[in-house]
Amino acid sequence: MGSATALNMIDMIGVGPFITIPLIVSAMGGPQAMLGWVLGAIFAMCDGLVWAELGAAMPRSGGSYGYLREIYGANRLGRLISFLFIWQLSFSAPLSIASGAIGLAGYASYFWPGLQTQQLARHWSVPLPLLGSMQVHWVVSGATFVAIIVVVLATLLLYRKITSIGWMSKLLLVGVVGTMGWVIVSGLSHFSASRAFSFPLGAFSLSPNFFLGLGSAMLIATYDYWGYYNVAFLGDEVKEPGKTIPRAILLSIFLVGCLYVIMNVSILGVVPWQEIQAGPHNNGLYVVSIFMQKIYGGWAAKLVTGLVMWTAFASVFSLMLGYSRVLYAAALDGNYFKSFARVHAEGRFPHVSLLALAVVAILFCFLSLADVIAGLVVIRITLQFLVQAIGLIVLRIRRPDLPRPFRMWLYPLPALAASVGFLFVLISRTNSLSQIRYAALVLLSGVGIYLVRSWRRGEWPFAELEPPAPAER
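Residues numbered from 1 in each chain as written. Predicted model: local features only at pLDDT ≥ 70, side-chain atom pairs only at ≥ 80, totals over all residues. Heavy atoms only, no water.

Novice: Before we go on, may I ask you to explain the confidence of the model for the protein in this structure?
Specialist: Of all residues in the protein, 91% have pLDDT values of 70 or greater, and the mean over the chain is 85. By mean pLDDT, helix H1 (residues 2-12) is the weakest element of the protein at 72, and helix H17 (residues 413-427) is the strongest at 94. (pLDDT = per-residue confidence, 0-100. Helix = DSSP H or I, 4+ residues; strand = E, 2+ residues; numbered from the N terminus.)

Printed below as a string of structure tokens:
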């Protein structure tokens with residue numbers, strides 16, 4: 001269980017907590033933003049119970065892809081929903097990769113402040129039938145090109161046999177763990193409670209603005225907690241999955257939640273929240289650098305900046321490695337485009353899948369970090385997490401006989417709580433409708449593509465499914 005828990009924690013503790021502190025503090029306007037981290041952990045635990053039951057009952061590679069097919073039927077609705085899961089992954093995975101690259105570029109601007117100077121900015125409004133106007137805001141700066149270079153470099157490093165990159169993953173992991181540990185120890189040894197808890201007037205007033213800010217803060221926290229389900233994607237490689245998968249999921253959420261809260265409170269105890277809220281054009285974007293500069297001086301700030309950039313690159317590297325294999329596996333299963341099943345002639349790795357992710361991620365590097373994270377979270381909640389949380393209840397009704405080594409505690413309350421939390425994050429935010437329209441566009445386009453593929457291949461709903469074979473007597 002220790003290895004499985006560590007694997008989850010590694011996936012969770014990426015670059016997120018280092019690049020999102022300014023966003024979450026700005027969302028609520030003060031240190032009360034920690035409420036977003038706490039509630040985010042609670043809802044992650046509720047959703048973790050969903051993953052724990054499904055992962056223990058169906059320990060196989062692929063995670064959600066297999067669960068959704070089992071929940072909604074392997075031939076009809078389930079095949080459509082599992083296709084939509086892979087289709088949304090074609091957008092959400094590059095968004096996740098781009099967030100790490102943009103975060104790295106933001107910290108690079110500590111060394112070269114001119115990187116944040118905007119060279120070009122455009123705002124497009126595209127009217128679409130039924131969905132309304134789609135808003136697209138993109139910018140070009142020196143940081144944009146740094147983010148693109150990061151994606152290209154990670155692609156080049158991954159463009160080889162999997163056996164030759166194992167040492168890279170281990171080396172990058174050292175930087176991730178070391179950076180977070182240094183930040184926590186430094187913060188606790190220089191902690192000021194009066195600075196950390198200097199709440200502004202009316203910080204906890206239950207006004208509409210409070211809930212809008214809380215929704216935005218929880219969206220960012222959701223992004224940072226994701227990864228607790230990583231072990232479920234490797235279910236058939238886990239020993240005693242009925243016990244190991246649930247324990248690894250729930251323990252990793254608890255431990256990482258504690259680390260996140262301690263780290264962020266430690267930073268707020270050194271760097272005033274007003275300074276953090278200053279935004280990317282001041283010190284907010286590379287807040288950990290300013291944190292170390294205040295404690296130890298310039299040398300520590302430069303060192304931690306390099307370590308965070310290392311961590312960000314590790315995030316991009318691991319995400320591209322993992323997601324390229326998911327698209328490849330779906331194509332091999334016949335439920336995604338055949339070209340994604342192609343492998344490199346010499347290296348025997350899914351090069352088409354890898355290159356496709358890289359190209360789309362490069363396009364997303366032209367967006368702001370806040371827009372990338374919001375788009376990523378909304379698309380995944382809409383087309384994966386919400387459908388899966390509700391699906392667990394559906395599966396309990398459809399397959400009461402399914403062996404369940406682990407059963408959700410207090411069923412069905414955690415699944416319902418996770419669903420309510422996801423809906424709150426979707427709706428209770430400023431300009432929330434913008435990202436919901438993106439998710440709706442991904443959904444509708446995915447359904448359209450699925451129907452066209454089914455029509456060309458003579459599959460359901462354009463042809464009757466073969467009747468089941470008669471049962472043996």
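Novice: What is the right way to look at H17 in this model?
Specialist: Because an α-helix completes one turn every 3.6 residues, residues spaced three or four positions apart along the sequence face the same direction. With 15 residues, H17 extends 21 Å from end C-alpha to end C-alpha; this agrees with the ideal 21 Å at 1.5 Å per step. Those residues of H17 lying buried are Pro-414, Ala-415, Ala-418, Ser-419, Gly-421, Phe-422, Val-425 and Leu-426. Taken around the axis of H17, the buried residues stretch over an arc of 160 degrees, which confines them to a single face. Opposite the buried face of H17, at more than 90 degrees from it, the exposed residues are Leu-413, Val-420 and Ile-427. For H17, the secondary structure elements touched by its buried residues are helix H4 (34-57), helix H10 (208-225), helix H16 (369-398) and helix H18 (432-457). (Expected span 1.5 Å × (residues − 1). Buried < 20%, exposed > 50% of the residue type's maximum accessible area, 1.4 Å probe, protein only. Arc of directions from axis to C-beta. Contact = heavy atoms within 4.5 Å.)

Novice: So what exactly am I meant to see when it comes to the packing of H10 against H16 here?
Specialist: The description of two packed helices rests on the angle between their axes and on the distance between the axes. Two elements in contact, H10 and H16, have axes separated by 10 Å at closest approach and are oriented at 75 degrees. If you check the angle between H10 and H16, you find them roughly perpendicular. On H16, the residues that touch Leu-219, Thr-222 and Tyr-223 of H10 are Ile-373, Ala-374, Leu-376, Val-377 and Val-378. Residue classes in the contact of H10 with H16 are distributed as seven nonpolar, one polar and no charged. (Axes fitted to C-alpha atoms, helices over the stretch in contact; angles between N-to-C directions. Parallel < 35°, antiparallel > 145°, perpendicular 65-115°, else oblique. Nonpolar A, V, L, I, M, F, W, Y, C, P; charged D, E, K, R; others polar.)

Novice: Explain a nonpolar patch on the surface to me, please; I cannot follow it from the model alone.
Specialist: A cluster of nonpolar side chains, contributed by Phe-191, Phe-197, Phe-199 and Phe-204, occupies part of the molecular surface with about 380 Å² of accessible area. The partly exposed category is assigned to Phe-191, whose relative accessible area is 32%. (Patch = residues over 30% accessible without salt bridge, like charges linked within 9 Å, V, L, I, M, F, W, Y side chains within 5 Å. Areas by Shrake-Rupley, 256 points an atom, 1.4 Å probe, with all protein chains shown as cover. Salt bridge = Lys/Arg side-chain N within 4 Å of Asp/Glu carboxyl O.)

Novice: Looking at this model, I keep getting lost on the side chain of Asp-224. Mind explaining?
Specialist: Tracing the backbone shows Asp-224 in helix H10. One buried charged residue, Asp-224, forms no salt bridge at all, with the nearest opposite charge on Arg-380 at 12 Å. With near-sequence residues (within four places) excluded, Asp-224 lies in contact with Met-12, Gly-16, Pro-17, Thr-20, Trp-37 and Tyr-260. (Lys, Arg positive; Asp, Glu negative; His and termini not counted.)

Novice: Can you help me understand H4 in this one?
Specialist: Over its 24 residues, H4 extends 35 Å from the first C-alpha to the last, a length consistent with the 34 Å expected when each residue adds 1.5 Å. The element H4 is extensively covered by neighbouring structure, given that 18 of its 24 residues are classed as buried.

Novice: Help me understand the pattern of salt bridges in this model?
Specialist: Any two side chains of opposite charge can pair, so long as their charged atoms come close to each other. Applying the stated criterion across every chain, the model contains five salt bridges. Taking the shortest distance from any N to any O, the salt bridge between Glu-53 and Arg-404 comes out at 3.3 Å. One end of the pair, Glu-53, is in helix H4; the other, Arg-404, is in the loop between H16 and H17, with 351 residues separating them in the sequence. The same class applies to Glu-53 as to Arg-404, namely buried. Among the charged side chains, a network of salt bridges with common partners joins Glu-53, Arg-396 and Arg-404.

Novice: Just checking my understanding: could you explain the side chain of Asn-264 for this structure?
Specialist: Residue placement: Asn-264 occurs in helix H11 (residues 241-268). When its relative accessible area of 1% is taken as the criterion, Asn-264 is described as buried. Setting aside chain neighbours within four positions, we find Asn-264 in contact with Pro-17, Ile-21, Met-34 and Trp-37.

Novice: Hey, could you run me through the packing of aromatic side chains in this one?
Specialist: For any pair of aromatic rings, geometry is given as the distance between the ring centres together with the angle between the planes. For the structure shown, the criterion picks out 30 aromatic pairs. A centroid spacing of 6.2 Å and a plane angle of 75 degrees characterise the contact between Trp-37 and Tyr-225, whose relative ring orientation is edge-to-face. Of this pair, Trp-37 sits in helix H4 while Tyr-225 sits in helix H10, and the two are 188 residues apart along the sequence. An angle of 70 degrees between the planes, with centres 6.0 Å apart, marks the rings of Tyr-110 and Phe-111 as edge-to-face. Look at Tyr-110 and you get buried, because its relative accessible area is 17%. For Phe-111, a relative accessible area of 33% corresponds to the partly exposed category. Through pairs of rings, three or more aromatic residues link up here, namely Trp-51, Tyr-67, Trp-226, Tyr-228, Tyr-229, Phe-385 and Phe-422. Against the face of Tyr-411 rests Arg-396, its NZ or CZ located 3.9 Å from the ring centre. (Phe/Tyr/Trp six-rings, centres within 6.5 Å; stacked < 30°, edge-to-face > 60°. Lys NZ or Arg CZ within 6 Å of the ring centre and 35° of its normal.)

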